[in-house]
Amino acid sequence: MATTKIYIVYYSLYGHVETMAREVQRGANSVTGVEATLWQVPETLSSVILQKMKVPPKPNDVPVISPDQLLEADGFLFGFPSRFGVMAAQCKAFFDATDKLWASQALAGKPAGIFWSTGFHGGGQELTALTAVTQLAHHGMLFVPLGYTFGSGMFEMNEVKGGSSYGAGTYAADGTRQPTELELQQAFHQGKYVTEIAKKLKN
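Thresholds, definitions, all that
- Each chain has its residues counted from 1, running along the sequence as written.
- Two thresholds apply to this predicted model, a pLDDT of at least 70 for residue-level local features and 80 or more for giving and counting side-chain atom pairs, whereas whole-chain, interface and lining totals are computed over all residues.
- Side-chain metrics rest on all non-hydrogen atoms present in the structure, leaving aside hydrogens and water.
- The rule is simple: put a 1 Å grid over the protein atoms alone, call a set of points where a 1.4 Å probe fits but cannot get out a cavity, call an open set with protein on both sides within 12 Å along at least five of seven lines a pocket, and count a residue as lining if it has an atom within 4 Å of a point.
- Grid points are joined across faces, edges and corners, and a volume is the space filled by probe spheres set on the points.
- Helix numbering and strand numbering both begin at the N terminus, where a helix is a DSSP run of H or I of at least 4 residues and a strand a DSSP run of E of at least 2.
- Three classes are used: nonpolar for Ala, Val, Leu, Ile, Met, Phe, Trp, Tyr, Cys and Pro, charged for Asp, Glu, Lys and Arg, and polar for all others, with Gly counted as polar.
- A pair of Phe, Tyr and Trp rings is counted when the ring centres sit within 6.5 Å of each other, with Trp represented by its six-membered ring. The angle between the planes then sorts it: under 30 degrees is stacked, over 60 is edge-to-face, the rest tilted.
- Exposure classes here rest on a 1.4 Å probe applied to the protein chains alone. A residue is buried below 20% of its type maximum, exposed above 50%, and partly exposed in between.

Under the annotation held in an unreviewed UniProt entry, the chain carries the name NAD(P)H dehydrogenase (Quinone) and is attributed to Melia azedarach.

Sorry if this is basic, but what is going on with the layout of surface pockets here?
Rolling a probe over the atoms, with the probe sized like a water molecule, indicates the empty space that remains. By volume, the largest pocket is sized at about 330 Å³. Lining the largest pocket are 19 residues, and of these Pro81, Ser82, Arg83, Gly119 and Ala172 lie nearest its centre. At the level of secondary structure, the elements contributing two or more residues to the lining of the largest pocket comprise α1 (16-29), β3 (75-83) and β5 (111-118). Top contributing element to the lining of the largest pocket by residue count: β3, with three residues. A class-by-class count of the residues in the lining of the largest pocket yields eight nonpolar, nine polar and two charged. Put simply, the second largest pocket is a space of about 220 Å³. Surrounding the second largest pocket, 14 residues form its lining, Met154, Glu156, Met157, Lys161 and Gly163 being those nearest its centre. Grouping the constituent residues of the lining of the second largest pocket by class yields six nonpolar, four polar and four charged.

Explain the packing of aromatic side chains to me, please; I cannot follow it from the model alone.
For any pair of aromatic rings, the description rests on two quantities: the centre-to-centre distance and the angle between the ring planes. This model, assessed by the stated rule, comprises five aromatic pairs. For the ring pair Tyr7 and Trp39, a centre distance of 5.1 Å and an interplane angle of 50° mean the geometry is tilted. Of this pair, Tyr7 sits in strand β1 (residues 4-10) while Trp39 sits in strand β2 (residues 34-40), and the two are 32 residues apart along the sequence. As far as burial versus exposure is concerned, Tyr7 and Trp39 are alike and both buried. In this structure an aromatic cluster arises from ring pairing among Phe76, Phe78, Phe94 and Phe95.

As C-alpha cells, this is what we get:
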C-alpha cells in the first residue's frame, strides 16, 4: 500500500500555531502508512519589522514551502493565526500565489483541515475558520471539519479552550498564554482524524 503524504502547512509568528502544528503532525503520523511533514509559508515581513516586534527565530527544522510543492501531498492541514477575524496575511499571500494550481484545478478532490490561534474569544475563533474555507473551495479541495468527533472535549466548560467543529484552535491572549493540554489533545485528534480520511480517499 502506497504511503499517504500529509502536509501540515502553517504560519506562526510567536510560536502558538507552531506548537499546535507539531501536535497535529504527531496525530497524523500515528496513522499507519502515513508520512506527515511540517512546512512553513514564506514570511512577508522584513527582518527589521520582525526585530522590532521581538519575534523569535523561525525553527530550523521546518522548510519553507512553495505552491508547486502542494501537488506532492495527498492531504493537508493548514494552520494560521487570526488577524482581525481572518487568516494572517502571510497565509493569504501564499494562497494567492497558487493561481496556477487553481487554473488547472490541480488540488481538486484533495482533503484539507484547518487549525488556528486567536487572541481571545471575540478574536475570530470561528470566523477565521469559516473565511478560510473559501480558499479550499475555490481550489475544489474537500474541507474536512472536525465536527464533534473529539467527544467530551468539545463540551469542556470548566476551562478556556479554543477550537470548534471547524477544527482545533488555541487562545494566545496577550501572547503569553500557550496551548493547553486539552487544546493539544484536540490538535492531535484532528491530525489523526483528517489523515485517516485522506488515507481512505487515497486507497
